[in-house]
Amino acid sequence: MRAERVSRSVLIIFIGLQLGQMLSALDGTIVSTALPTISRELGHESLRSWVITSYLLAQIATMPLYGKLGDLYGRKRVFMVAVSIFTVGSMLSGVAGSMEQLLASRTVQGIGAGGIGSLAMAIVADIVPARQLGRWLGYQGAIFAGASLLGPLTGGLFVDHLSWRWAFYVNVPFAVLSIVIVSTKLHYPFQQIRHALDYAGASLLTLALTCVVLAASIGSHSNEWTSPEVVGLFLAVVALTVAFVARERRAPEPVLPLRILGTRVVRVAAGINTTSGAIFASGIYFIPVFVQQVKGLSATDSGFLLVPFMFTTAFTTLLAGRAVERTGRYRT
(Lines give C-alpha, C1' and ligand atoms only; values in the text may rest on other atoms or scores of the structure.)
Protein backbone atom coordinates (compact mmCIF):
# COMPACT_ATOMS: atom_id res chain seq x y z
CA MET A 1 0.00 0.00 0.00
CA ARG A 2 2.83 2.38 0.82
CA ALA A 3 4.45 1.82 -2.58
CA GLU A 4 1.08 2.34 -4.29
CA ARG A 5 0.51 5.67 -2.49
CA VAL A 6 3.97 6.91 -3.40
CA SER A 7 3.50 5.86 -7.01
CA ARG A 8 0.15 7.63 -7.24
CA SER A 9 1.60 10.76 -5.68
CA VAL A 10 4.55 10.77 -8.05
CA LEU A 11 2.20 10.34 -11.01
CA ILE A 12 0.06 13.32 -9.95
CA ILE A 13 3.13 15.52 -9.46
CA PHE A 14 4.50 14.36 -12.80
CA ILE A 15 1.25 15.37 -14.51
CA GLY A 16 1.42 18.82 -12.92
CA LEU A 17 5.01 19.29 -14.04
CA GLN A 18 4.25 18.09 -17.55
CA LEU A 19 1.34 20.51 -17.92
CA GLY A 20 3.89 23.29 -17.57
CA GLN A 21 6.43 21.50 -19.76
CA MET A 22 3.75 20.90 -22.39
CA LEU A 23 2.88 24.59 -22.52
CA SER A 24 6.53 25.56 -22.89
CA ALA A 25 6.97 23.17 -25.81
CA LEU A 26 3.60 23.96 -27.35
CA ASP A 27 4.17 27.69 -27.38
CA GLY A 28 7.52 27.32 -29.05
CA THR A 29 5.72 26.01 -32.14
CA ILE A 30 2.03 26.90 -31.95
CA VAL A 31 2.59 30.23 -33.71
CA SER A 32 4.22 28.63 -36.77
CA THR A 33 0.90 28.08 -38.58
CA ALA A 34 -0.44 31.41 -37.29
CA LEU A 35 2.54 33.52 -38.44
CA PRO A 36 1.16 34.46 -41.88
CA THR A 37 -2.11 35.65 -40.31
CA ILE A 38 -0.33 37.47 -37.47
CA SER A 39 1.95 39.35 -39.88
CA ARG A 40 -1.00 40.33 -42.08
CA GLU A 41 -2.93 41.69 -39.10
CA LEU A 42 -0.10 43.38 -37.21
CA GLY A 43 2.13 44.29 -40.16
CA HIS A 44 5.95 44.33 -40.17
CA GLU A 45 6.33 41.10 -42.13
CA SER A 46 10.12 41.47 -41.92
CA LEU A 47 9.85 40.91 -38.16
CA ARG A 48 7.78 37.74 -38.51
CA SER A 49 10.60 35.33 -37.74
CA TRP A 50 11.28 37.19 -34.50
CA VAL A 51 7.92 36.08 -33.11
CA ILE A 52 9.55 32.67 -32.72
CA THR A 53 13.16 33.80 -32.28
CA SER A 54 12.49 36.25 -29.43
CA TYR A 55 10.83 33.43 -27.48
CA LEU A 56 13.64 30.96 -28.07
CA LEU A 57 16.44 33.43 -27.33
CA ALA A 58 14.90 34.40 -23.99
CA GLN A 59 14.37 30.73 -23.17
CA ILE A 60 17.97 29.80 -23.98
CA ALA A 61 19.42 32.77 -22.08
CA THR A 62 17.54 32.08 -18.85
CA MET A 63 17.55 28.28 -18.82
CA PRO A 64 21.04 27.87 -17.24
CA LEU A 65 20.30 30.48 -14.57
CA TYR A 66 17.10 28.80 -13.41
CA GLY A 67 19.00 25.71 -12.28
CA LYS A 68 21.02 27.73 -9.80
CA LEU A 69 18.00 29.79 -8.76
CA GLY A 70 16.31 26.49 -7.92
CA ASP A 71 19.21 25.58 -5.63
CA LEU A 72 19.06 29.01 -3.99
CA TYR A 73 15.31 29.31 -3.41
CA GLY A 74 13.90 25.81 -3.98
CA ARG A 75 12.96 24.17 -7.28
CA LYS A 76 9.26 24.01 -6.44
CA ARG A 77 9.05 27.74 -5.71
CA VAL A 78 11.10 28.80 -8.73
CA PHE A 79 9.14 26.46 -11.03
CA MET A 80 5.88 28.11 -10.00
CA VAL A 81 7.40 31.57 -10.54
CA ALA A 82 8.53 30.48 -14.03
CA VAL A 83 5.03 29.22 -14.91
CA SER A 84 3.55 32.48 -13.60
CA ILE A 85 5.90 34.57 -15.76
CA PHE A 86 5.02 32.41 -18.75
CA THR A 87 1.30 32.92 -18.08
CA VAL A 88 1.66 36.70 -17.90
CA GLY A 89 3.57 36.64 -21.19
CA SER A 90 0.80 34.54 -22.75
CA MET A 91 -1.91 36.99 -21.73
CA LEU A 92 0.13 39.96 -22.97
CA SER A 93 0.76 38.19 -26.29
CA GLY A 94 -2.96 37.58 -26.71
CA VAL A 95 -3.83 41.27 -26.34
CA ALA A 96 -0.87 42.62 -28.34
CA GLY A 97 -1.89 45.42 -30.70
CA SER A 98 1.34 45.69 -32.66
CA MET A 99 4.22 43.50 -33.75
CA GLU A 100 6.54 45.29 -31.31
CA GLN A 101 4.20 44.54 -28.41
CA LEU A 102 3.93 40.92 -29.48
CA LEU A 103 7.72 40.53 -29.63
CA ALA A 104 8.10 42.01 -26.14
CA SER A 105 5.37 39.70 -24.81
CA ARG A 106 6.96 36.67 -26.46
CA THR A 107 10.24 37.57 -24.75
CA VAL A 108 8.43 37.52 -21.39
CA GLN A 109 7.01 34.11 -22.29
CA GLY A 110 10.49 32.85 -23.15
CA ILE A 111 11.88 34.03 -19.81
CA GLY A 112 9.28 31.89 -18.06
CA ALA A 113 9.74 28.94 -20.42
CA GLY A 114 13.46 28.84 -19.64
CA GLY A 115 12.68 27.69 -16.11
CA ILE A 116 9.77 25.38 -16.88
CA GLY A 117 11.68 22.81 -18.92
CA SER A 118 14.90 22.70 -16.92
CA LEU A 119 13.24 22.65 -13.49
CA ALA A 120 10.60 20.10 -14.50
CA MET A 121 13.36 17.69 -15.50
CA ALA A 122 15.32 18.36 -12.28
CA ILE A 123 12.26 17.79 -10.09
CA VAL A 124 11.47 14.52 -11.88
CA ALA A 125 15.02 13.38 -11.13
CA ASP A 126 14.44 14.29 -7.45
CA ILE A 127 11.24 12.28 -7.00
CA VAL A 128 11.89 9.23 -9.22
CA PRO A 129 14.35 6.41 -8.37
CA ALA A 130 17.47 6.51 -10.52
CA ARG A 131 16.78 3.10 -12.08
CA GLN A 132 13.35 4.29 -13.31
CA LEU A 133 14.56 7.68 -14.48
CA GLY A 134 15.01 6.58 -18.09
CA ARG A 135 11.37 5.55 -18.31
CA TRP A 136 10.04 8.76 -16.76
CA LEU A 137 12.28 10.99 -18.85
CA GLY A 138 11.09 8.99 -21.84
CA TYR A 139 7.52 9.91 -20.88
CA GLN A 140 8.60 13.53 -20.54
CA GLY A 141 10.39 13.46 -23.89
CA ALA A 142 7.33 11.99 -25.59
CA ILE A 143 5.10 14.68 -24.08
CA PHE A 144 7.56 17.39 -25.15
CA ALA A 145 7.77 16.04 -28.70
CA GLY A 146 4.02 15.57 -28.94
CA ALA A 147 3.31 19.07 -27.64
CA SER A 148 5.90 20.64 -29.96
CA LEU A 149 4.37 18.99 -32.98
CA LEU A 150 0.77 19.44 -31.81
CA GLY A 151 1.47 23.18 -31.71
CA PRO A 152 1.22 23.84 -35.47
CA LEU A 153 -2.01 21.83 -35.74
CA THR A 154 -3.59 23.61 -32.77
CA GLY A 155 -2.46 26.99 -34.07
CA GLY A 156 -3.99 26.25 -37.46
CA LEU A 157 -7.33 25.31 -35.92
CA PHE A 158 -7.39 28.51 -33.87
CA VAL A 159 -6.55 30.67 -36.91
CA ASP A 160 -9.21 29.10 -39.12
CA HIS A 161 -12.03 28.85 -36.57
CA LEU A 162 -11.36 31.40 -33.78
CA SER A 163 -8.45 33.84 -33.74
CA TRP A 164 -4.67 33.59 -33.61
CA ARG A 165 -4.91 35.22 -30.17
CA TRP A 166 -6.33 31.99 -28.75
CA ALA A 167 -2.97 30.37 -29.45
CA PHE A 168 -1.83 32.34 -26.38
CA TYR A 169 -5.01 32.45 -24.29
CA VAL A 170 -5.22 28.65 -24.27
CA ASN A 171 -2.13 28.52 -22.04
CA VAL A 172 -3.75 30.25 -19.07
CA PRO A 173 -6.07 27.52 -17.63
CA PHE A 174 -3.45 24.78 -18.04
CA ALA A 175 -0.77 26.93 -16.41
CA VAL A 176 -3.05 27.64 -13.44
CA LEU A 177 -3.78 23.91 -13.10
CA SER A 178 -0.04 23.13 -13.19
CA ILE A 179 0.63 25.63 -10.38
CA VAL A 180 -2.23 24.25 -8.25
CA ILE A 181 -1.03 20.63 -8.58
CA VAL A 182 2.64 21.38 -7.91
CA SER A 183 1.91 23.73 -4.99
CA THR A 184 -0.41 21.26 -3.24
CA LYS A 185 1.15 17.89 -4.06
CA LEU A 186 4.91 18.42 -4.26
CA HIS A 187 6.48 18.23 -0.81
CA TYR A 188 10.13 17.39 -0.30
CA PRO A 189 12.85 18.91 1.90
CA PHE A 190 14.69 21.92 0.55
CA GLN A 191 18.31 22.52 1.43
CA GLN A 192 19.58 25.88 0.25
CA ILE A 193 22.80 25.82 -1.77
CA ARG A 194 24.67 29.06 -2.31
CA HIS A 195 25.60 29.87 -5.92
CA ALA A 196 27.18 32.71 -7.87
CA LEU A 197 25.00 33.50 -10.89
CA ASP A 198 26.95 34.00 -14.12
CA TYR A 199 25.01 36.93 -15.58
CA ALA A 200 27.96 37.99 -17.73
CA GLY A 201 28.25 34.54 -19.33
CA ALA A 202 24.52 34.37 -20.00
CA SER A 203 24.58 37.87 -21.55
CA LEU A 204 27.51 37.04 -23.84
CA LEU A 205 25.83 33.82 -24.96
CA THR A 206 22.56 35.63 -25.70
CA LEU A 207 24.31 38.40 -27.64
CA ALA A 208 26.24 35.85 -29.73
CA LEU A 209 23.05 33.94 -30.57
CA THR A 210 21.22 37.17 -31.38
CA CYS A 211 23.97 38.19 -33.82
CA VAL A 212 23.74 34.78 -35.52
CA VAL A 213 19.97 35.19 -35.98
CA LEU A 214 20.32 38.79 -37.21
CA ALA A 215 23.00 37.80 -39.71
CA ALA A 216 20.92 34.92 -41.03
CA SER A 217 17.81 37.12 -41.23
CA ILE A 218 19.54 39.96 -43.09
CA GLY A 219 21.44 37.62 -45.40
CA SER A 220 18.39 35.57 -46.32
CA HIS A 221 16.28 38.67 -47.02
CA SER A 222 18.85 40.54 -49.09
CA ASN A 223 20.78 37.55 -50.47
CA GLU A 224 23.92 39.56 -49.86
CA TRP A 225 25.89 37.37 -47.50
CA THR A 226 29.05 39.38 -48.13
CA SER A 227 27.45 42.74 -47.28
CA PRO A 228 29.19 44.80 -44.57
CA GLU A 229 26.25 44.35 -42.18
CA VAL A 230 26.25 40.55 -42.40
CA VAL A 231 30.04 40.24 -42.28
CA GLY A 232 30.14 42.59 -39.30
CA LEU A 233 27.56 40.50 -37.45
CA PHE A 234 29.47 37.28 -38.07
CA LEU A 235 32.67 38.95 -36.84
CA ALA A 236 30.74 40.02 -33.74
CA VAL A 237 29.68 36.38 -33.24
CA VAL A 238 33.33 35.29 -33.30
CA ALA A 239 34.36 38.05 -30.87
CA LEU A 240 31.48 37.34 -28.50
CA THR A 241 32.16 33.59 -28.60
CA VAL A 242 35.82 34.17 -27.71
CA ALA A 243 34.76 36.48 -24.88
CA PHE A 244 32.21 33.90 -23.71
CA VAL A 245 34.78 31.10 -23.59
CA ALA A 246 37.24 33.35 -21.73
CA ARG A 247 34.53 34.29 -19.23
CA GLU A 248 33.50 30.68 -18.66
CA ARG A 249 37.09 29.67 -17.94
CA ARG A 250 37.47 32.15 -15.08
CA ALA A 251 33.89 32.46 -13.79
CA PRO A 252 33.41 31.01 -10.27
CA GLU A 253 30.32 29.12 -11.45
CA PRO A 254 30.05 29.40 -15.26
CA VAL A 255 26.70 29.25 -17.02
CA LEU A 256 28.22 26.55 -19.25
CA PRO A 257 31.11 24.74 -17.51
CA LEU A 258 33.56 23.94 -20.30
CA ARG A 259 34.90 20.94 -18.38
CA ILE A 260 31.74 18.97 -19.09
CA LEU A 261 32.66 19.01 -22.79
CA GLY A 262 35.77 17.06 -21.85
CA THR A 263 33.56 13.98 -21.46
CA ARG A 264 33.15 12.13 -24.74
CA VAL A 265 29.60 11.05 -23.99
CA VAL A 266 28.56 14.67 -23.38
CA ARG A 267 30.24 15.88 -26.59
CA VAL A 268 28.56 13.22 -28.71
CA ALA A 269 25.14 13.64 -27.05
CA ALA A 270 25.32 17.44 -27.36
CA GLY A 271 26.25 17.20 -31.04
CA ILE A 272 23.42 14.80 -31.80
CA ASN A 273 20.96 16.87 -29.79
CA THR A 274 21.96 20.09 -31.55
CA THR A 275 21.72 18.54 -35.01
CA SER A 276 18.40 16.80 -34.40
CA GLY A 277 17.02 19.95 -32.76
CA ALA A 278 17.94 22.08 -35.78
CA ILE A 279 16.29 19.62 -38.18
CA PHE A 280 13.25 19.32 -35.91
CA ALA A 281 12.76 23.09 -35.67
CA SER A 282 13.35 23.68 -39.38
CA GLY A 283 10.61 21.23 -40.31
CA ILE A 284 7.92 22.42 -37.94
CA TYR A 285 8.54 26.13 -38.67
CA PHE A 286 9.23 26.09 -42.40
CA ILE A 287 6.64 23.60 -43.68
CA PRO A 288 3.49 25.37 -42.38
CA VAL A 289 4.58 28.76 -43.75
CA PHE A 290 5.62 27.24 -47.10
CA VAL A 291 2.41 25.29 -47.74
CA GLN A 292 0.21 28.24 -46.75
CA GLN A 293 1.98 30.96 -48.73
CA VAL A 294 3.21 28.92 -51.70
CA LYS A 295 0.72 26.06 -51.99
CA GLY A 296 -2.31 27.97 -50.72
CA LEU A 297 -3.39 25.46 -48.07
CA SER A 298 -5.30 26.51 -44.96
CA ALA A 299 -3.62 26.86 -41.58
CA THR A 300 -5.41 23.73 -40.35
CA ASP A 301 -4.31 21.65 -43.35
CA SER A 302 -0.71 22.79 -42.89
CA GLY A 303 -0.87 21.58 -39.30
CA PHE A 304 -2.27 18.18 -40.34
CA LEU A 305 0.75 17.68 -42.60
CA LEU A 306 2.90 17.40 -39.48
CA VAL A 307 0.78 14.74 -37.75
CA PRO A 308 2.85 11.74 -39.00
CA PHE A 309 6.01 13.46 -37.79
CA MET A 310 4.31 14.21 -34.47
CA PHE A 311 3.21 10.63 -33.90
CA THR A 312 6.45 8.87 -34.81
CA THR A 313 8.64 11.29 -32.84
CA ALA A 314 6.60 10.91 -29.65
CA PHE A 315 6.28 7.12 -30.04
CA THR A 316 9.98 6.42 -30.60
CA THR A 317 10.96 8.76 -27.75
CA LEU A 318 8.76 6.71 -25.45
CA LEU A 319 10.27 3.44 -26.72
CA ALA A 320 13.79 4.73 -26.15
CA GLY A 321 13.09 5.64 -22.53
CA ARG A 322 11.60 2.22 -21.78
CA ALA A 323 14.51 0.47 -23.50
CA VAL A 324 17.08 2.31 -21.37
CA GLU A 325 15.25 1.33 -18.18
CA ARG A 326 14.89 -2.29 -19.26
CA THR A 327 18.46 -2.86 -20.43
CA GLY A 328 20.39 -0.29 -18.39
CA ARG A 329 22.17 0.76 -21.60
CA TYR A 330 21.81 3.98 -23.56
CA ARG A 331 24.34 3.69 -26.38
CA THR A 332 22.13 1.64 -28.74
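Residues numbered from 1 in each chain as written. Predicted model: local features only at pLDDT ≥ 70, side-chain atom pairs only at ≥ 80, totals over all residues. Heavy atoms only, no water.

Undergrad: Would you mind going over the overall build of the protein chain with me for this structure?
TA: For the protein chain, the helix and strand inventory stands at 13 helices and 0 strands. If you list the helices and strands of the protein chain from N to C, you get α-α-α-α-α-α-α-α-α-α-α-α-α. Summarising the internal contacts of the protein chain: among those between residues at least 6 apart in sequence, 81% fall at separations of at least 24. When the accessible surface of the protein chain is split by element, carbon and sulfur atoms take 68% of a total near 16,900 Å². (Helix = DSSP H or I, 4+ residues; strand = E, 2+ residues; numbered from the N terminus. Contact = heavy atoms within 4.5 Å. Areas by Shrake-Rupley, 256 points an atom, 1.4 Å probe, with all protein chains shown as cover.)

Undergrad: Please explain the packing of helix α4 (residues 75–94) against helix α5 (residues 99–127) as it appears in this structure.
TA: When two helices pack together, their arrangement is given by the angle between their axes and by how far apart the axes lie. The geometry of α4 relative to α5 is characterised by a closest axis approach of 7 Å and an angle of 155° between their N-to-C directions. The angle between α4 and α5 falls in the class roughly antiparallel. α5 is crossed by α4, and the crossing has left-handed handedness. Residues of the contact of α4 with α5, tallied by class, amount to 16 nonpolar, 7 polar and 4 charged. (Axes fitted to C-alpha atoms, helices over the stretch in contact; angles between N-to-C directions. Parallel < 35°, antiparallel > 145°, perpendicular 65-115°, else oblique. Left-handed = near helix turned anticlockwise from the far one by under 90°. Nonpolar A, V, L, I, M, F, W, Y, C, P; charged D, E, K, R; others polar.)

Undergrad: Got a minute to help me understand the nonpolar core in this structure?
TA: Nonpolar side chains in soluble globular proteins tend to be buried together. Membership of the largest hydrophobic core comes to 27 residues, with the highest contact counts inside it found for Ile38, Val51, Met99, Leu102 and Trp164. Sorting the residues of this core by element identifies α1 (2–29), α2 (35–42), α3 (50–73), α5, α6 (133–161), α7 (166–169) and α11 (264–293) as the ones contributing at least two each. A per-element tally of this core places α3 first, with 4 residues. Counting 25 residues, the second largest nonpolar core, distinct from the first, contains Ile13, Tyr55, Trp136 and Val182. (Core = buried A, V, L, I, M, F, W, Y, C linked by side-chain atoms within 4.5 Å. Buried < 20%, exposed > 50% of the residue type's maximum accessible area, 1.4 Å probe, protein only.)

Undergrad: What should I look at first to understand a nonpolar patch on the surface in this one?
TA: Judged by side-chain polarity, Phe286, Ile287, Phe290, Val294, Leu297 and Leu305 come together as a nonpolar surface patch covering roughly 530 Å² of accessible area. Among the structural elements, leucine 297 can be located in the loop between α11 and α12 (299–304). Judged by its relative accessible area of 36%, leucine 297 is partly exposed. (Patch = residues over 30% accessible without salt bridge, like charges linked within 9 Å, V, L, I, M, F, W, Y side chains within 5 Å. Salt bridge = Lys/Arg side-chain N within 4 Å of Asp/Glu carboxyl O.)

Undergrad: Got a minute to help me understand the pattern of salt bridges in this structure?
TA: A side chain with one charge can pair with a side chain of the opposite charge if their charged atoms come near. Taken as a whole, this structure holds 1 salt bridge when the rule is applied. Salt-bridge contacts for glutamate 41 lead to arginine 165; the nearest nitrogen and oxygen are separated by 3.3 Å. Of the two residues, glutamate 41 is situated in helix α2 and arginine 165 in the loop between α6 and α7; the sequence distance between them amounts to 124 residues. Residue classification places glutamate 41 among the partly exposed positions, given a relative accessible area of 45%.

Undergrad: Sorry if this is basic, but what is going on with the environment of glycine 283 here?
TA: Examined against the element boundaries, glycine 283 turns out to sit in helix α11. Residue glycine 283 is classed as buried on the basis of its relative accessible area, which comes to 18%. For the pair glycine 283 and phenylalanine 309, spaced 26 residues apart in the sequence, the C-alpha separation amounts to 9.4 Å. Once residues within four sequence positions are removed from consideration, glycine 283 is found in contact with Pro288 and Leu306.

Undergrad: What is the right way to look at the side chain of serine 54 in this model?
TA: In this fold, serine 54 is placed in helix α3. Take serine 54: its relative accessible area is 9%, and that puts it in the buried class. For serine 54, the residues in contact, after removing those within four places along its chain, are Leu103, Arg106 and Thr107.

Undergrad: So what exactly am I meant to see when it comes to the environment of leucine 69 here?
TA: Within the fold, leucine 69 resides in helix α3. Spatially, the C-alpha atoms of leucine 69 and phenylalanine 79 are 9.7 Å apart, while their sequence positions differ by 10 residues. Each residue touching leucine 69, except ones within four places of it in the same chain, is listed here: Gly74, Val78 and Leu197.

Undergrad: Teacher, can you tell me more about the packing of aromatic side chains here?
TA: Aromatic rings in a pair are described by how distant their centres are and how their planes are angled relative to each other. As enumerated under the stated definition, the model contains 1 aromatic pair in all. Between tryptophan 166 and tyrosine 169 the ring centres are 5.5 Å apart and the planes differ by 85°, which places this aromatic pair in the edge-to-face class. Of this pair, tryptophan 166 and tyrosine 169 both sit in helix α7, separated by 3 residues, roughly a single helical turn. Given a relative accessible area of 41%, tryptophan 166 falls into the partly exposed group. A residue is classified by how much of its surface remains accessible, and tyrosine 169, at 26% relative accessible area, is partly exposed. (Phe/Tyr/Trp six-rings, centres within 6.5 Å; stacked < 30°, edge-to-face > 60°.)

Any functional reading would require information beyond the geometric quantities listed.
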